[in-house]
Amino acid sequence: MSKTLERTQPDSLSQRGTRSLLTQIWRDYVAQHTGLLLIALVLMIIEGSALGAVSYLVRPLFDQVMVAGNQDMIGLVAIGLFVTFLARALGGFGQRVITVSVGLRVVTGLQKDLLAHLIKLDTGFFFRNSPGALIERVRGDAQTLQGLASNALMTLGRDTFSLIALLGVAIYNDWLWTLIAFVGIPSLVLPVIYLQKRIRNTTRRARMTSANISTRLDEIFHGINAIKLNNLDMHEKHRFTKEVDRFLHAQTHSEMGKAGMPAMIDIIAGLGFMAVVYFGGQQIIAGEKSLGEFMSFFVAMGLIFDPLRRLSNVGGVIQAAMASIERLYGLFEVQPTIVNQPRLADNIEAAARQDVVLDNVHFAYGDNPVLNGLTFTAPARKITALVGPSGAGKTTVFNLLTRLIEPQSGRILLGDTPIDAFDLRDLRHQFAVVSQESALFDESIRQNIALGELSADESAVEAAADQALVTRFTDATAEGLDALAGPRGTNLSGGQRQRVVIARAILRDAPVLLLDEATSALDTRTEQEIQATLDRISRDKTTLVIAHRLSTVMNADVIHVLDKGKVVESGTHEELLAKKGAYFGLYQTLEQ
Ligand SMILES: Nc1ncnc2c1ncn2[C@@H]1O[C@H](COP(=O)(O)OP(=O)(O)OP(=O)(O)O)[C@@H](O)[C@H]1O
């Protein structure tokens, strides 16, 4: 498993500098909210400065009210304190609402763009990257970004202004005390740099293991019956535990790194306080400084370390988010290779009604050659069958025709135009495919059929459902065609799913029909009925059929027998039987 996931990293991980990533995030997603962020900034200044005002008011509170006993000042200081807290409350509320909503918009915007990008990537990308790992990227990593966008932004803005205001009050009271209190800060530079690096690395590891966990869960829940039937629960639990323990280890180290910064600040703060109390206390006893000055300074210092701790932590939060952002932007860097050519042919409608031709096509999955110079023609408006042993490359042909994959060499043509000369969407629109894959979505059966042609009206959808004998099983239920198909069609039996997919292909009414084991899950009687429908609808279409049951291909106009990625025999059923070659051999083994 980890092998598969390791393979995914070069595809999607690029380690880029913090500045370049932040600039890109800013340009792509944050800059459009500049107006709102400016308002938030003003509110942050209000909220942040309030702490400075509180510590400032401590000085008249001690010197004029408590020591000098000035009655008039009591009310003023009290009202001053209330107004300060009111301003802090309003500023804090407003800026939080803004930063959180900007954070959410950034994340959801990124998620939308990411999905739009991922959908365009080659099918091969999805072979290499498991669904669980990709879900984790779109959900988990994007979520981490929200933490950065709202928390870090809030802390950076508000706490920076608190720090400035409090530092101002501290210096105003005594610049030397302030210097003494902060004398240890420079010693933090090196440990901070070390910790930030460590946080980024451990978070990167934690995010990767988190993706592995999602992959495991995805496989377990999809394969739950196989796990139960093979008594694999302990085995799966063990594999899951291993991933979770890896995550635990990496995440704990990341959190320890983040916790280290405030702890160091506290130690430096303790040293600073100790020195100031020792030095300042002597000045007060000597009468060189007032109690109000000392208390005001002391409150400012006491309040300063909180924002300072949070600010020191922001670095960690940013580094942790960077690990996620680089993974997300790594995905944006992967580009599809199956794309439109710069100059496109525009005669797709006519071409799709001509012969389908494969000319010396070679294709390999990595180092595994699948097609080795495959050449055949599927004549227009005729039924062509592809038969051959399992693994011969029959389904691969369908994937090549629809450009889900590209051949390494050779030509694939509609008439005499190569298929890659057409717009990709237009090309795929010419095919109706009934494949072995479960192609249903968690929507109603009606909606699942309508996916074949989104512009089709209700009556066309119902007619397709009738022809594919879908209504035969939906009519028996109260919900009829509006019953839900379940996730990946799990509410339906294999044969029912096949009928829905056939109905979708009927509705699509495309000039080329690709049937890959289209009726394999049906009982003999239903298969015969559906076969009759398929024969009828394929009359004016070019049809390619893959079937293991030779009874389904006997009526084909031409049969190509594939073996090891090549056509080894071609002809009609009778001609091929008479040859007593590969087809005859297949016929004998399969029909027994
Ligand atoms: N996504 C993939 N990644 C790697 N190899 C693959 C992939 N899909 C198919 N193959 C390999 O390509 C070869 C041809 O597969 P293909 O599905 O075209 O065979 P087929 O003739 O349709 O077989 P069947 O009759 O069993 O459906 C097989 O050896 C298979 O292992």
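Residues numbered from 1 in each chain as written. Predicted model: local features only at pLDDT ≥ 70, side-chain atom pairs only at ≥ 80, totals over all residues. Heavy atoms only, no water.

Here we look at the sheet that holds strand β10 (residues 566-571)
Right, on to step 1. Taken in spatial order, the six strands make up an open sheet running β6-β7-β8-β3-β9-β10, and their pairing is mixed. Looking at the sheet topology across the chains shown, the edges are occupied by β6 (431-434) and β10. Taking each pair of neighbouring strands and ignoring which way they run, the sheet shows an average axis angle of 20 degrees.
Right, on to step 2. Inspection of the sheet shows strand β3 (residues 383-387) paired to strand β9 (residues 558-563) by four bridges, in the parallel sense. Counterpart to Val387 in the pairing with β9 is Val561.
Right, on to step 3. Helix α18 (residues 494-508) contacts β6 and β7 (512-516) of the sheet and is inclined by roughly 170 degrees relative to β6. (Pairing = 2+ DSSP bridges. Helix = DSSP H or I, 4+ residues; strand = E, 2+ residues; numbered from the N terminus. Axes fitted to C-alpha atoms, helices over the stretch in contact; angles between N-to-C directions. Contact = heavy atoms within 4.5 Å.)

Thoughts on the site of the ligand
Right, on to step 1. Around the ligand, the surrounding shell holds 13 residues, and the nearest of these are Ser390, Gly391, Lys394, Thr395 and Thr396.
Right, on to step 2. With respect to the ligand, the backbone of Gly391 contributes an N or O atom lying 2.9 Å from an oxygen atom.
Right, on to step 3. Within the side chain of Thr395, one N or O atom sits 2.7 Å away from an oxygen atom of the ligand.
Right, on to step 4. Here the ligand has 640 Å² of accessible area as a free molecule, and 66% of this is covered by the chains.
Right, on to step 5. By residue number, the principal contributor to the shell around the ligand is helix α13 (residues 394-401), which donates three residues.
Right, on to step 6. Here the residues of the shell around the ligand are counted per class, giving five nonpolar, seven polar and one charged. (Near = heavy atom within 4 Å. Polar contact = N/O pair within 3.5 Å; in protein donor to acceptor, adjacent residues only side chain to side chain. Areas by Shrake-Rupley, 256 points an atom, 1.4 Å probe, with all protein chains shown as cover. Nonpolar A, V, L, I, M, F, W, Y, C, P; charged D, E, K, R; others polar.)

A look at the nonpolar core
Right, on to step 1. Counting 44 residues, the largest nonpolar core has Val387, Ile445, Ile449, Val470, Val500, Val553 and Tyr583 as the members making the most contacts within it.
Right, on to step 2. The element that contributes the greatest number of residues to this core is α18, accounting for seven residues.
Right, on to step 3. Contacts of Val553, omitting those with residues within four sequence positions, involve Ala385, Val387, Val545, Ala547, Ile559 and Tyr583. (Core = buried A, V, L, I, M, F, W, Y, C linked by side-chain atoms within 4.5 Å. Buried < 20%, exposed > 50% of the residue type's maximum accessible area, 1.4 Å probe, protein only.)

A few points about the pattern of salt bridges
Right, on to step 1. If you walk through the whole model with that rule in mind, you get 23 salt bridges.
Right, on to step 2. Among the salt bridges present, the one from Asp174 reaches Lys289, with a minimum N-O distance of 3.0 Å. Placement of the pair is Asp174 in the loop between α6 (131-173) and α7 (175-181) and Lys289 in the loop between α10 (233-285) and α11 (291-333), with a sequence separation of 115 residues.
Right, on to step 3. A salt bridge links Arg446 to Glu462; the shortest N-O distance between them is 2.8 Å. In this pair, Arg446 is assigned in helix α15 (residues 445-450) and Glu462 in helix α16 (residues 458-467), connecting sequence segments 16 residues apart.
Right, on to step 4. In this structure, a network of salt bridges that share partners links the residues Glu47, Arg96, Arg158, Asp159 and Arg310. (Salt bridge = Lys/Arg side-chain N within 4 Å of Asp/Glu carboxyl O.)

A closer look at the environment of Asp63
Right, on to step 1. The topology assignment puts Asp63 in helix α3 (residues 34-67).
Right, on to step 2. Through-space distance from the C-alpha of Asp63 to that of Glu293 is 7.9 Å; in sequence the pair is 230 residues apart.
Right, on to step 3. Asp63 has contacts with Ala68, Ser290, Leu291, Gly292 and Glu293, leaving out every residue within four places of it along the chain.
Right, on to step 4. A polar atom in the side chain of Asp63 sits 2.7 Å from the backbone nitrogen of Gly292.

What about the UniProt feature "domain: ABC transmembrane type-1" (unreviewed entry) in the chain?
Right, on to step 1. Residues given the UniProt feature "domain: ABC transmembrane type-1" (unreviewed entry) here are residues 38-320.
Right, on to step 2. Between the C-alpha atoms that bound residues 38-320 there is a distance of 26 Å. The span itself is 92% helix and 0% strand. (UniProt positions renumbered as here; feature names shortened; annotations may be inferred.)

Some points on the sheet that holds strand β1 (residues 356-365)
Adjacent strands of a sheet form backbone hydrogen bonds with each other and so pair up, either parallel or antiparallel.
Right, on to step 1. The four strands are arranged β2-β1-β4-β5 in an open sheet whose pairing can be described as antiparallel. The open sheet has two edge strands, β2 (368-378) and β5 (417-418), and neither has a second partner.
Right, on to step 2. Sheet topology note: the β1/β2 ladder contains eight bridges and is antiparallel. Looking across to β2, one finds that Tyr365 is bridged to Asn368.
Right, on to step 3. α13 contacts β1, β2 and β4 (409-414) of the sheet and is inclined by roughly 110 degrees relative to β1.

What about the pairing of β4?
Right, on to step 1. In this structure, β1 lies alongside β4, joined through five bridges in antiparallel fashion. Within the sheet, the bridge partner assigned to His362 lies in β4 and is Ser409.
Right, on to step 2. Two elements, β4 and β5, share two bridges in a ladder whose sense is antiparallel. Residue pairing in the sheet places Leu414 in a bridge with Thr417 of β5.
Right, on to step 3. The turn joining β4 and β5, which pair antiparallel and follow one another in sequence, is formed by two residues; a positive phi near 65 degrees is taken by Gly415.

Quick word on the side chain of Glu47
Right, on to step 1. Within the secondary structure layout, Glu47 lies in helix α3.
Right, on to step 2. Overall, Glu47 belongs to the buried group, its relative accessible area being 3%.

As for the packing of aromatic side chains
What describes a pair of aromatic rings is the distance from one ring centre to the other and the angle between the planes of the rings.
Right, on to step 1. Applying the stated criterion across every chain yields a total of 11 aromatic pairs.
Right, on to step 2. Members of the aromatic cluster, joined through ring pairs, are Trp177, Phe182, Phe273, Phe294, Phe297, Phe298 and Phe305.
Right, on to step 3. Over the aromatic face of Trp177 sits the side chain of Lys289, whose NZ or CZ is 5.4 Å from the ring centroid.
Right, on to step 4. Over the ring of Phe584 we find Lys580; its NZ or CZ atom is 4.6 Å from the centre of that ring. (Phe/Tyr/Trp six-rings, centres within 6.5 Å; stacked < 30°, edge-to-face > 60°. Lys NZ or Arg CZ within 6 Å of the ring centre and 35° of its normal.)

Brief notes about the packing of helix α8 (residues 189-222) against α11
Between two packed helices, both the angle of their axes relative to each other and the distance between the axes serve to describe the pair.
Right, on to step 1. The geometry of α8 relative to α11 is characterised by a closest axis approach of 8 Å and an angle of 45 degrees between their N-to-C directions. By the criterion of interaxial angle, the relationship of α8 to α11 is oblique. For the pair α8 and α11, the crossing hand works out as right-handed. Counting all contacts with α8, which are made through Gln196, Ile199, Arg200, Thr203, Arg204, Arg207, Met208 and Ala211, the residues of α11 involved are Gly315, Gly316, Gln319, Ala320, Met322, Ala323, Ser324, Glu326 and Arg327.
Right, on to step 2. Each residue belonging to the contact of α8 with α11 can be placed in one class, and the counts come to six nonpolar, six polar and five charged. (Parallel < 35°, antiparallel > 145°, perpendicular 65-115°, else oblique. Left-handed = near helix turned anticlockwise from the far one by under 90°.)

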